[in-house]
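Structural features, examined
As a plain string of letters, each chain reads:
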Amino acid sequence: MAKILIVEDDADLVETYTDLLELEHHSVASVSRATDAFALVTRFKPNIVLLDLNLAGYSGAIVISMIRSYPVLKQTKIVVITGHPEMLQGNPNAAHVDLILSKPISNEQLITVVDGFISIAS
């Protein structure tokens, strides 16, 4: 079982990801804004963050920087799932991402990615 934080402003995607990951017995938390991620990430200490870049307010790229600035989150895997992967081109935060996926992704792809990171950590 992994602790997974979803940072996504599309409520339908959050519901889909959450239902799917909870069926796989993962602990899931979600937020829709970067500022809410700041408040939750150090308390929840996720193993994996599923992150959209195109969020209301601050870009998801700032979340990458924030996560990587906390030593306690050093092992946290960051998976960017976005319809705009070009947003990371030339961004220094791109080097701190474990995987970038273009939307839409299938349920099977999501589970494969999560399972892959869990097996690496074990």
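For the structure itself, look to the data block above.
As the structure is a computational prediction, the values presented were derived from the model and not from experiment.

Moving on, we come to a negative patch on the surface. Taken together, the side chains of D9, D10, D12, E15, D19 and E22 present a region of like negative charge at the surface. When its relative accessible area of 32% is taken as the criterion, D10 is described as partly exposed.

Across the six residues of strand β4 (residues 77–82), five count as buried, placing the element largely inside the fold. Bridge analysis of strand β3 (residues 48–51) against β4 gives four bridges, and the strand direction is parallel. Its bridge partner being in β4, L51 is matched across the sheet by V80. The parallel pair β3 and β4 is bridged by helix α3 (residues 60–69), and the resulting crossover is right-handed. Of the strand pairs in this sheet, β4 and strand β5 (residues 99–102) are connected by four bridges, and their pairing is parallel.

A few words now on the sheet that holds β4. With parallel pairing, five strands are arranged side by side in an open sheet as β2-β1-β3-β4-β5. Each edge of the sheet is formed by a strand with only one pairing partner; in this case those strands are β2 (27–31) and β5. The average angle at which neighbouring strand axes cross in this sheet is 20°, direction not considered. Helix α1 (residues 11–23) contacts β1 (3–7), β2, β3 and β4 of the sheet and is inclined by roughly 170° relative to β1.

The next subject is the packing of helix α2 (residues 34–44) against α3. For the pair α2 and α3, interaxial distance at closest approach is 9 Å and the crossing angle is 15°. Regarding the angle of α2 to α3, the classification is roughly parallel. Taken as a pair, α2 and α3 cross one another with a handedness that is right-handed. Of the residues in α3, those touching α2 at A34, A37, F38 and V41 are I62, V63, M66 and I67. The class makeup of the residues in the contact of α2 with α3 is eight nonpolar, no polar and no charged.

Basis of the calculations
Starting afresh in each chain, residues are numbered from 1 along the sequence in its written order. Restriction of local features to residues with pLDDT of at least 70 applies here, the model being predicted, together with a cutoff of 80 or more for giving and counting side-chain atom pairs; totals for whole chains, interfaces and linings are based on all residues. Side-chain measures were taken over the full set of non-hydrogen atoms in the model, leaving aside hydrogen atoms and water. Only residues whose relative accessible area exceeds 30% and that take part in no salt bridge are eligible for patches, with like-charged residues grouped when within 9 Å of each other and nonpolar side chains (Val, Leu, Ile, Met, Phe, Trp, Tyr) grouped when within 5 Å. In these tables, accessible area is a Shrake-Rupley quantity obtained with a 1.4 Å probe, and a residue counts as shielded only by the protein chains included in the view. The salt bridge criterion pairs a side-chain nitrogen of Lys or Arg with a carboxyl oxygen of Asp or Glu, the two atoms within 4 Å. By the counting rule applied here, Lys and Arg register as positive and Asp and Glu as negative, while His and the ends of each chain are not counted. Taken as the charge location is NZ of Lys, CZ of Arg, CG of Asp or CD of Glu. Only protein chains enter the accessibility calculation, which uses a 1.4 Å probe; a residue whose area is less than 20% of its type maximum is buried, one above 50% is exposed, and one in between is partly exposed. Secondary structure follows DSSP: runs of H or I at least 4 residues long count as helices, runs of E at least 2 residues long count as strands, and numbering of each begins at the N terminus. Whether two strands pair comes down to DSSP finding at least two bridges between them. Note on handedness: a crossover is taken as right-handed if, strands pointing away from the viewer, the path from the first strand over the helix to the second is clockwise. Here, axes are lines fitted to C-alpha atoms. For helices the fit covers the stretch in contact, and angles between N-to-C directions go from 0 to 180 degrees. Every residue pair with non-hydrogen atoms within 4.5 Å of one another is taken to be in contact. Angle categories: roughly parallel below 35 degrees, roughly antiparallel above 145, roughly perpendicular from 65 to 115, and oblique for all the rest. When the near helix sits turned anticlockwise from the far one by under a right angle, the crossing is termed left-handed; a clockwise turn instead gives a right-handed crossing. The classification used treats Ala, Val, Leu, Ile, Met, Phe, Trp, Tyr, Cys and Pro as nonpolar, Asp, Glu, Lys and Arg as charged, and all other residues, Gly among them, as polar.

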